[in-house]
Amino acid sequence: MKIKVRVSHDEDTKYAYLICKKIQESAKSRGTGIAKKDPEYIKSKMINGNAIIAFFDEVLAGFSYLEIFQNNEFVVNSGLIVFPEFRKKGLAKIIKVEIFKLSRKKFPNSKIFSITTSNPVIKINTELGFKPVAFSELTQSEKFWKGCKSCANFDILTKNKRKMCLCTGLLYHPENTKKNNNKKNCLFPGDKIVLAYSGGLDTSYCLKYLIQEKYEVHTVIINTGGFNKDELEKIEDRALNIGSKSHKTIDAIEEYYQNCIKYLIFGNILKNNTYPLSVSSERIFQAIKIAKYATSIKAIAIAHGSTGAGNDQIRFDIAFQIICPEKITLSPIRDKKISRKEEIEYLKKKGISICWDQAKYSINKGIWGTSIGGKETLTSYHDLPEEAYPTKLSKNKSEHLELEFEKGELVSVNQEKEKAIKNIIKIEKIASKFAIGRGIHTGDTILGIKGRVAFEASAAIIIIKAHHLLEKHILTKWQLYWKEQLSNWYGMLLHEAQYLDPVMRDIEKFLKSTQERLTGTVNIILYPYRFHLVGIKSKFDLMASSKIAQYGEMNHAWTAEDVKGFTKILSNQMKIYHNLNNKND
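Residues numbered from 1 in each chain as written. Predicted model: local features only at pLDDT ≥ 70, side-chain atom pairs only at ≥ 80, totals over all residues. Heavy atoms only, no water.

1. Remarks on the overall build of the chain
Move 1: The helix and strand inventory of the chain stands at 20 helices and 23 strands.
Move 2: Relative to a compact globule of 585 residues, whose C-alpha radius of gyration would be 25 Å, the chain shows 34 Å and is clearly more extended.
Move 3: Principal-axis analysis of the C-alpha atoms gives the chain an extent of 120 × 60 × 45 Å.
Move 4: Expressed as a percentage of the 585 residues in the chain, the buried residues total 47%.
Move 5: Taking the contacts inside the chain whose residues are at least 6 apart along the sequence as the reference set, 71% of them involve residues at least 24 apart.
Move 6: Counting only carbon and sulfur atoms, one obtains 52% of the accessible surface of the chain, whose full area is about 31,100 Å².
Move 7: Distance from the positive charge centre (91 side chains) to the negative charge centre (64 side chains) of the chain: 6 Å. (Helix = DSSP H or I, 4+ residues; strand = E, 2+ residues; numbered from the N terminus. Rg over C-alpha atoms; globule rule 2.2 N^0.38 Å. Buried < 20%, exposed > 50% of the residue type's maximum accessible area, 1.4 Å probe, protein only. Contact = heavy atoms within 4.5 Å. Areas by Shrake-Rupley, 256 points an atom, 1.4 Å probe, with all protein chains shown as cover. Lys, Arg positive; Asp, Glu negative; His and termini not counted. Charge placed at Lys NZ, Arg CZ, Asp CG, Glu CD.)

Shown next, in the form of structure tokens:
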């Protein structure tokens with residue numbers, strides 16, 4: 001069963017007579033309400049886009065329209081009807097919210113009002129920010145009040161000189177609402193929100209929760225290499241089934257490589273000499289893309305599913321504050337301190353049960369590796385069991401692997417040239433069968449607490465180690481030294497959400513300049529759970545020149561006397577220091 005609620009248009013005029021008939025029947029059965037409506041008047045509302053129409057499984061199910069009075073000072077939400085066979089399905093609330101949103105969008109400075117005898121409608125209006133008021137605070141337009149003539153209770157209204165009737169008057173005043181809310185850029189029901197949606201428990205909870213709060217939620221997923229086509233389609237279906245107004249998939253794999261992975265390779269970056277920043281490096285690029293998308297669809301706010309105890313909340317928040325500072329950032333799980341168990345129970349009550357409680361481990365997959373969290377990583381001493389790793393050991397016989405680099409970038413695997421992204425994926429497919437690249441990283445979070453995470457990143461580890469070996473042969477001592485210093489800073493700043501600081505672009509320029517001669521091949525042997533770097537071939541190999549010397553064997557460019565003189569000068573300061581110490585003793 002699928003509910004579709006939208007703004008009406010000229011093709012809907014064919015429904016005008018049926019809608020008028022249903023309005024009349026409803027008023028008669030209730031004994032109150034406006035009984036008669038002119039079909040031509042309803043058609044004009046449809047043509048001008050001043051009405052909301054609802055369908056249930058493609059069958060007309062409900063309607064409402066708006067009217068304008070006193071030079072746009074007042075807008076009335078009127079004519080709400082849900083056909084009897086479609087009642088008690090929450091449709092009236094959806095229509096009411098949509099006509100309210102349409103009123104605010106088209107007439108943002110107008111007062112919006114409604115009069116009704118229906119307690120459910122009063123409740124919905126109150127939740128939207130309407131306040132009960134005397135009829136004197138509503139429009140005084142004669143045209144509006146004449147419309148009440150067809151109501152069975154019109155004589156009551158007349159006897160009370162339009163001061164009161166059986167209906168309750170409800171008024172939404174945009175200026176008063178803003179004054180009563182002390183928060184800057186406050187949200188109102190019906191506002192458009194973009195939710196970063198991965199399809200998992202946390203973001204699914206956020207989606208349902210925000211919809212229940214009457215916001216217009218649009219989901220978006222940024223694919224930086226962690227999902228295949230089928231997975232992305234399932235995520236979209238889940239978002240739309242839960243109630244997302246729209247869903248967008250944005251591919252950012254190549255951009256992620258060009259702006260980040262490439263420099264992680266250039267810098268041989270392993271956090272604490274262990275972790276290749278597999279998933280954490282993706283977040284800032286996902287956040288930037290989400291912020292730009294939110295701007296493009298004119299969303300008021302952006303929401304994410306981060307908890308209050310991790311690094312991702314910082315990465316998302318910082319990016320949003322820089323890229324779109326005018327937008328409000330929401331994080332329902334963090335703000336409400338919701339536990340995983342509470343999320344599951346909430347979704348089950350809402351009819352959304354996808355066996356999240358059966359998943360023992362939290363797995364985040366990306367092109368640069370997969371992170372794994374579970375009860376073991378919450379301790380300082382438990383190891384992750386074999387079954388927790390997504391890929392299993394399936395090869396026991398050793399295998400050779402040859403990687404070719406040009407100016408620091410991976411250009412071929414086993415002598416087959418491809419773009420870097422495809423090469424990374426190819427290495428992952430080959431090496432993951434050996435269960436290579438597993439580890440547990442313990443480090444400092446942005447929040448100042450220690451954190452522990454397991455990972456498997458066979459491609460990342462092999463590429464970084466192979467690239468580093470090539471550098472050892474080609475770069476000079478001081479290039480290697482200063483590269484290591486700046487690379488450590490680059491990894492630290494990236495991890496701590498500082499990617500948008502201009503110093504990162506400065507470090508990238510340095511890293512890129514060191515790769516000018518970084519061309520050659522690296523030979524590797526893969527074994528179960530490990531790999532061995534055999535050696536390299538490069539025309540820039542600083543070991544290759546036998547005309548100068550061979551380490552530990554023969555020198556051709558200096559004499560024994562040269563070395564004696566060199567050591568005398570090299571040791572001068574140490575000799576002075578120790579001579580002074582001896583005299584003082």
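More follows now that the structure is in view.
2. Here's the deal with the nonpolar core
Move 1: The biggest cluster of nonpolar side chains holds 75 residues, and the ones touching the most others in it are Trp368, Leu403 and Ile463.
Move 2: In this structure, Ile52, Val75, Ile95 and Leu170 belong to the second largest nonpolar core, which totals 39 residues. (Core = buried A, V, L, I, M, F, W, Y, C linked by side-chain atoms within 4.5 Å.)

3. Topic: the sheet that holds strand E13 (residues 362–366)
Move 1: Across the sheet, 4 strands lie side by side as E13-E14-E19-E18; this open sheet has antiparallel pairing. Each edge of the sheet is formed by a strand with only one pairing partner; in this case those strands are E13 and strand E18 (438–444). Across the sheet, the mean angle separating the axes of adjacent strands is 25° when strand polarity is ignored.
Move 2: Where strand E14 (residues 369–373) meets strand E19 (residues 450–456), 3 bridges bridge the pair, whose relative direction is antiparallel. Bridge pairing in E19 links serine 371 to phenylalanine 455. (Pairing = 2+ DSSP bridges. Axes fitted to C-alpha atoms, helices over the stretch in contact; angles between N-to-C directions.)

4. As for the pairing of strand E16 (residues 409–413)
Move 1: Summarising burial for E16: 4 of the 5 residues are buried, a large majority.
Move 2: With 4 bridges connecting them, strand E15 (residues 399–406) and E16 associate as antiparallel partners. The residue of E16 that forms the bridge with leucine 403 is valine 413.
Move 3: Adjacent in sequence and paired antiparallel, E15 and E16 are bridged by 2 residues, among which lysine 407 carries a positive phi angle near 50°.
Move 4: Examined bridge by bridge, E16 and strand E17 (residues 416–417) share 2 bridges and lie antiparallel to one another. The residue bridging valine 413 from the neighbouring strand is glutamate 416, located in E17.
Move 5: In this structure, the hairpin formed by E16 and E17 is closed by a connection of 2 residues, where asparagine 414 is found at a positive phi of approximately 50°.

5. Structural notes on the packing of helix H8 (residues 201–212) against helix H14 (residues 340–349)
Move 1: At a minimum axis separation of 10 Å, H8 and H14 run at an interaxial angle of 50°. One way to sum up the angle between H8 and H14 is to call them oblique. Pair H8 / H14 crosses with left-handed handedness. Counted together, Leu201, Asp202, Ser204, Tyr205, Lys208, Tyr209 and Gln212 of H8 and Arg340, Glu343, Ile344, Tyr346 and Leu347 of H14 form the full contact between these two elements.
Move 2: In terms of residue class, the contact of H8 with H14 is made up of 6 nonpolar, 2 polar and 4 charged. (Parallel < 35°, antiparallel > 145°, perpendicular 65-115°, else oblique. Left-handed = near helix turned anticlockwise from the far one by under 90°. Nonpolar A, V, L, I, M, F, W, Y, C, P; charged D, E, K, R; others polar.)

Everything listed here is a matter of coordinates, which is why it stays silent on function.
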